[in-house]
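Below, each chain spelled out in residue letters.
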Amino acid sequence: MTIETGPAEASGTTGAIDAIVDRVETVADRVVSLVLRRADGEPFHGWDPGSHIDVHVGDDIVRQYSLCSSPSDLSHLRIAVLYTPDSRGGSRRVHEALVEGAPVTISEPRNNFPLLDSRKYLFIAGGIGITPIIPMIEAAERDGRDWRLIYGGRSRSTMAFARQLVETYGAERLTVAAEDESGRLDLASLLALPRAHMLVYACGPAGMLAAIEEFCMGWPPGALHTERFVAAALDAGGSTEPFEVELVRSGTTVTVEVGTTVLEAVEAVGARVLSSCRTGLCGTCETRVVSGDIEHRDAVLTEADRDAGDVMLVCVSRAAAGCPRLVLDL
Amino acid sequence: MTKTMIDAMVLDDDPFSIENIQDPHPLLARLRDAGSVTWLSKYNCFAVAGHEEVYEILTDFETYCSSGGLGPHDIREDEGWRPPSILESDPPTHTVMRRALTGVINPGTVRSLRGPFTPPAAEITSALARLDRFDAVTDLAEQYPIRVFPDAVGIPQEGREHLLPYGNMVFNAFGPKNAILEEAFAEGEAHAEVVMRACERESLDADGFGAKIWDRVEDGLISVQQATLLVRALLSAGIDTTIFGIGNTLSVLARLPEVWAQLRETPSLAKFAIDEALRLESPFQKYHRTVTVDTVLGGVHLPAGAKVLVFIGAANRDPRRWGDDADEFRLDRNSSGHLAFGMGLHQCVGQPIARLEIEIVLQQLLERVLTIEPAGEPVPLVHNVLRGFTSLPVAIRAA
């Protein structure tokens, strides 16, 4: 999976690590898997399913790839890269330059696509979008969760890791749907009925994700989590980075960490916010926003309210990508 | 079924007896003490009284469906007395109706109601503040929502006297076929006919919620029948419950002089006081769900097809959720997560309007009333599923 980002993020890679390409393997048509080890022989730091790394594929080219190895084995990291003749040439450089033994600078793993705890998961992968899903399935399986994977692609030969996944987990919970055999994924029937307590994690091409978003409109808010592998606007990006919230009335500032809601964070510093469902469905926790850009994740504000940008539902919504600070009327 | 009845403790209490309706809390405590899930032998259904278990039922819309109806009978097996409402539907039918309603009632549209909703509250409370005593239910709670809410929906003036008796039918039908229900339905056809007519497109004002719901028919989102049903749902769900919300809140606050003083000092706390009062005296006390597949809840096996009677009132006072002082009003309590408005997909879509109405009335009253105290015993309403008072005498000192 490649995540395209703006120049600001691409240029400022933090925690650069010198790594070596340990193994290169062709895992599907035009897809190579790269196993990376640290140059100093040490294990990598721990990471969670959904994480990606920045890979410096040339002097001025940085690309982000999801990790598809196991977080329980930190001796190496694995990414898989689809050759796409895109204008910027990142994937071509990976395919051409990152041969076995080549040195490569990467970043510490970062997670814009964290797997939230739930009883049931529906994973939907399109093509190379399978990569972040692989560690997620491992975690769901380890924790004894009820999960299913729907993996779609143009043909089996283009679908990396499909055979290994079926061998590991069996065909019962895993549907591999190749377009040239069974046609397009029937997302409509898959998603027509919202399921209780089920989170949908989807990664794949923009068209597929747009369709999934459409079908999931009747699902409880917060059920759908997506990551685009060539993101037009990286809407999942900064929104899962920590950000600050300033409460103007109490004069307090609090950091909202990944995995914490604005509501929880402001309650923790003593602000009183009336809330009810805490899932973005009822609108009770509506809060006036003095300044800052909001990524709305609720199911009740209208487009006009969103455009005005002066209210948010603090139980689910967050600061938008690139907005480090929200100022709230609390 | 045999196994189930051994698993769950069997109680022969009648939650629909007059005694238990008028003073529900001892029974609700007994239900919780007997286990989160018990078997009610009188009605052949499960009673669920623990907060965790009630929350589970309300959020697991697949295992505990609503299309079987909120009453004790599965409305899919015989014809109900009316076409099923949004409350009695599951996804995907529910989804389109809910989307239509959310498009019409949302934080923005509710905000714009504060203007028109305030003057009637000011007028009613300033008249009452000139008295030494009044009835907080008949003189205040019953006066206010009926004055503002039907206007917001945009129904005709004529026939509004049928709204309360109609709501009384709708909600009482979520209980068993007893004398209470019979009385509610005494002139049922007349009420239903007037209300259904008020919900038709040509009856509605151009700018009310009703007309906006009908606009969604043109968008192709909902059918003509669904539009009628949604307007009907607003009318039946949006009046009685709000009246009881106001009355019940005042029934709690009238007994707490320190809290009244605190609220006068900091009126912005009123909304928290209301939620805490709704937790303690939830207007919508209980309703049914239908189990769709064999499942286990609170350690008890529930077979597919069983009815569960969900006790909101019990869950909202469950010490396991709220602590040992669950029966007490605490202004500093975080009462978020109370289930008075439901939870999950069917959580009350009109709750911001209800909260707004109660808050406006309370703030207007706080402005004008220095002290308020009970001036006689409140008279509880006899109703299968709603909790409220038909009379709540209070003595006041004007500010």
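This text follows the structure it describes.
Bear in mind that the values here come from a model prediction, so they are computed numbers and not experimental data.

A. Structural view of the pairing of strand β16 (residues 286-291) of chain A. Residues and elements named next belong to chain A. When β16 meets strand β18 (residues 311-313), the two strands line up antiparallel, connected through 3 bridges. If you follow glutamate 286 over to β18, its bridge partner there is leucine 313. One ladder, built from 2 bridges, connects β16 with strand β20 (residues 325-328); its direction is antiparallel. When the sheet's bridge partners are listed, serine 291 is paired in β20 with valine 327.

B. The packing of helix α10 (residues 163-172) of chain B against helix α12 (residues 188-198) of chain B, seen in detail. Residues and elements named next belong to chain B. The geometry of α10 relative to α12 is characterised by a closest axis approach of 9 Å and an angle of 110 degrees between their N-to-C directions. With respect to α12, the element α10 is oriented roughly perpendicular. For the crossing formed where α10 meets α12, the hand is left-handed. Residue-level inspection shows Leu163, Pro165, Tyr166 and Met169 of α10 in contact with α12, the latter providing Gly188, His191, Ala192 and Val195. Partitioning the contact of α10 with α12 into residue classes produces 6 nonpolar, 2 polar and no charged.

C. Here's a closer look at helix α5 (residues 93-104) of chain B. All names here are of chain B. With 12 residues, α5 should cover 16 Å at 1.5 Å per step; its first-to-last C-alpha distance of 18 Å lies within 8% of that length. For α5, the complete set of buried residues consists of His94, Thr95, Met97, Arg98, Ala100, Leu101, Thr102 and Val104. Buried positions along α5 lie against α6 (107-111), α13 (209-218) and α14 (224-237).

D. Representation of the interface of chain A and chain B. The interface is formed by 29 residues belonging to chain A together with 32 residues belonging to chain B. The interface formed by chain A and chain B contains 5 salt bridges. Measuring nitrogen to oxygen at the nearest pair gives 3.4 Å for the salt bridge that ties glutamate 62 of chain B to lysine 120 of chain A. In this assembly, chain A and chain B are joined by 12 residue pairs in polar contact (both at pLDDT 80 or more).

E. A look at the packing of helix α7 (residues 114-128) of chain B against helix α9 (residues 145-153) of chain B. Residue and element names in this part refer to chain B. Close contact between α7 and α9 brings their axes to 9 Å; oriented N to C, the two are set at 165 degrees. As the angle between them shows, α7 and α9 are arranged roughly antiparallel. The chirality of how α7 crosses α9 is right-handed. Together, Phe117, Pro120, Glu123 and Ile124 of α7 and Arg147, Val148 and Ala152 of α9 make up the contact between the two elements. Residue composition of the contact of α7 with α9, by class: 5 nonpolar, no polar and 2 charged.

The rules behind each value
- Residues numbered from 1 in each chain as written.
- Chains lettered and ligands numbered in written order.
- Predicted model: local features only at pLDDT ≥ 70, side-chain atom pairs only at ≥ 80, totals over all residues.
- Heavy atoms only, no water.
- Pairing = 2+ DSSP bridges.
- Helix = DSSP H or I, 4+ residues; strand = E, 2+ residues; numbered from the N terminus.
- Axes fitted to C-alpha atoms, helices over the stretch in contact; angles between N-to-C directions.
- Parallel < 35°, antiparallel > 145°, perpendicular 65-115°, else oblique.
- Left-handed = near helix turned anticlockwise from the far one by under 90°.
- Contact = heavy atoms within 4.5 Å.
- Nonpolar A, V, L, I, M, F, W, Y, C, P; charged D, E, K, R; others polar.
- Expected span 1.5 Å × (residues − 1).
- Buried < 20%, exposed > 50% of the residue type's maximum accessible area, 1.4 Å probe, protein only.
- Salt bridge = Lys/Arg side-chain N within 4 Å of Asp/Glu carboxyl O.
- Polar contact = N/O pair within 3.5 Å; in protein donor to acceptor, adjacent residues only side chain to side chain.

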